[in-house]
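Okay, here's what each chain looks like letter by letter:
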Amino acid sequence: FGSSSRNMAESAAKRRTDSGGSGDLNVEVKKLKPDHGDGRQEAESGNILSAFKTSAVLNDSAREKIIFIHGKVADQDAVVILEKTPIRQDSLDELFSGSTLKLEMRNDIYSTYRLQAPPHLNEIKTTVVCPATEKHVKKYQRQESFLVEETAEDYQSITLPYIQKQSFSVQWVYNVLEKKAEAERILYEDPDPQVGFLLLPDFKWDQKQVDDLYLLAIVHQRNIKSLRDLRSEHLPLLQNVLQKGKEQILQRYKLPASQLRVYLHYQPSYYHLHVHFTKLGYEAPGCGVERAHLLTDVIQNLQSDPRYYETRTLYFPLRADDGLLGKFKEAGKL
Ligand code: M7G
C-alpha cells in the first residue's frame with residue numbers, strides 16, 4: 001500500500017510540473033508582493049476573538065468553505081467571517097512532506113485520509129467587522145433576494161432619500177484615500193483630484209494566489225455615489241481607471257485585460273465610486289448580471305448618451321429585509 005500513496009504523491013508532483021500557467025503566477029505574486037517576513041502585512045494581533053461569543057450563524061457554505069457568524073466581542077456586536085483558503089501549488093512539496101497522514105478507509109485502489117498540515121499551511125482567512133451595525137448583520141445573512149426595477153423617478157423619490165440616510169459609512173474608504181489605513185497595501189496611486197484613484201487589494205482577497213485576484217480602484221473624487229451619478233463628464237475618470245488599472249495588473253500579476261472582469265456594482269454597499277477588478281473565471285460574489293456592470297459597457301453607454309445613467313431604468317437585487325426593498329414595496333413598486 002505504501003507504494004500506492006507514493007504513486008499519488010508522484011502524480012501530484014507531476015501535475016505540478018506539468019501545469020505551468022497558474023503555478024508560475026503564484027510564484028509571481030509571492031515575488032512581487034512578499035507577505036511573509038516583510039513585517040508589514042503580517043502584523044501580529046492579540047487574539048481579539050478568544051472571547052468571541054457566537055449568537056447565530058448568518059450563512060455558511062460547505063462548497064465555498066465559508067461561514068458568517070454573528071456574535072459579541074466583549075459587549076460589542078461583531079460579524080466574523082471564516083474562510084478556508086485555496087491550496088497553493090507552491091506549498092505542495094511542504095504539504096506532502098511536512099504533514100501527518102491519517103488513514104480513514106482503504107478499498108481496492110481507493111483510499112481516503114485526513115491530512116494534518118503544518119499550521120502555517122492551514123490558516124483560515126478571518127474578517128472581523130466590529131462594532132457591526134444591524135445593517136452589517138443583515139448584509140451577511142442568508143436571505144432570498146428580489147429584483148427591483150428602478151426608474152429615474154424612483155431613484156429620486158425612493159432610493160436617493162433612503163441611501164442618504166441609511167447607507168453604510170464610507171469612513172474606511174476615506175481612511176484609504178487619506179492613507180490612514182491600509183497604506184502599505186496600496187498598489188498604485190494616480191493622485192490627480194479629478195481623474196485619479198487608488199488601487200489596492202479588496203479585503204476579500206488574501207493575495208496568496210492570482211486565481212482569485214480581487215482588486216479595488218477607489219476614485220479620489222468624493223461626490224460620485226454610484227453608477228447612477230455617472231455622466232459623460234466622468235468619462236476621462238472612468239477611462240483612466242480602466243487603462244491604468246489594467247496596466248498595473250499586467251505589470252504586477254502578468255494578467256492581461258482579457259483575463260479580467262472590470263465592473264461596478266449597482267446598488268453598491270458603499271456609496272463612494274469604486275471599480276472592482278476580478279479575475280475572469282473566479283466567481284466573485286456579486287459578479288452576476290443582476291448586479292455587475294462592466295466598466296467598458298458603462299463607458300460606451302455614456303459615450304452614446306451623456307445622461308444614460310441619469311435616465312435609464314436600472315435593475316438590481318435586494319435582500320428580503322433590506323430597508324430599501326421595504327421602501328419600494330411601500331411605494332407600490334413590487
Ligand atoms: P460594494 O460594491 O460597495 O459592495 O463593494 P459589496 O461589499 O456588497 O460588494 C465594496 C467592496 O469593498 C467589496 O468588494 C468589499 O469586499 C470591499 N471592502 C469593504 N470594506 C469594508 C473594505 C475594507 O475595509 N478594505 C478593503 N480593502 N476592501 C473593503
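For the structure, check the block above.
All values reported here derive from a predicted model rather than from experimental measurement.

**Q** Please give an account of the packing of helix α7 (residues 235-253) against helix α8 (residues 295-304) that cites residues and values.
**A** Two quantities define a packed helix pair, namely the angle between the axes and the distance from one axis to the other. For the pair α7 and α8, interaxial distance at closest approach is 10 Å and the crossing angle is 155 degrees. Of the possible angle classes, the one that applies to α7 and α8 is roughly antiparallel. As for how α7 packs across α8, the hand of that crossing is left-handed. Of the residues in α8, those in contact with Leu-235, Leu-238, Gln-239 and Leu-242 of α7 are Leu-295, Val-298, Ile-299, Leu-302 and Gln-303. Residues of the contact of α7 with α8, tallied by class, amount to seven nonpolar, two polar and no charged.

**Q** Got a sec to walk through the site of the ligand? Specific residues and values, please.
**A** Near the ligand you find Trp-172, Glu-182, Leu-200, Asp-202, Phe-203, Lys-204, Leu-216, His-265, Pro-268, Ser-269, Tyr-270 and Gly-286, and these make up its full shell. Split into classes, the residues belonging to the shell around the ligand amount to six nonpolar, three polar and three charged.

**Q** Which residues make up α7, and what values go with them?
**A** The first and last C-alpha atoms of α7 sit 26 Å apart over 19 residues, in line with the 27 Å expected at 1.5 Å per residue. Within the sequence span of α7, burial applies to Leu-237, Leu-238, Val-241, Leu-242, Gly-245, Ile-249 and Tyr-253. For α7, the arc enclosing every buried residue in end-on projection is 130 degrees, short of the 170-degree limit, so these residues lie on one face. Of the exposed residues in α7, the ones pointing more than 90 degrees away from its buried face are Pro-236, Gln-243, Glu-247 and Gln-251. After α7 finishes, the residue Lys-254 shows a positive phi value of roughly 60 degrees.

How each quantity is defined
- Residues numbered from 1 in each chain as written.
- Predicted model: local features only at pLDDT ≥ 70, side-chain atom pairs only at ≥ 80, totals over all residues.
- Axes fitted to C-alpha atoms, helices over the stretch in contact; angles between N-to-C directions.
- Helix = DSSP H or I, 4+ residues; strand = E, 2+ residues; numbered from the N terminus.
- Parallel < 35°, antiparallel > 145°, perpendicular 65-115°, else oblique.
- Left-handed = near helix turned anticlockwise from the far one by under 90°.
- Contact = placed C-beta atoms within 7 Å.
- Nonpolar A, V, L, I, M, F, W, Y, C, P; charged D, E, K, R; others polar.
- Near = placed C-beta within 6 Å.
- Expected span 1.5 Å × (residues − 1).
- Buried ≥ 20, exposed ≤ 12 C-beta atoms within 10 Å, placed from the backbone.
- Arc of directions from axis to C-beta.

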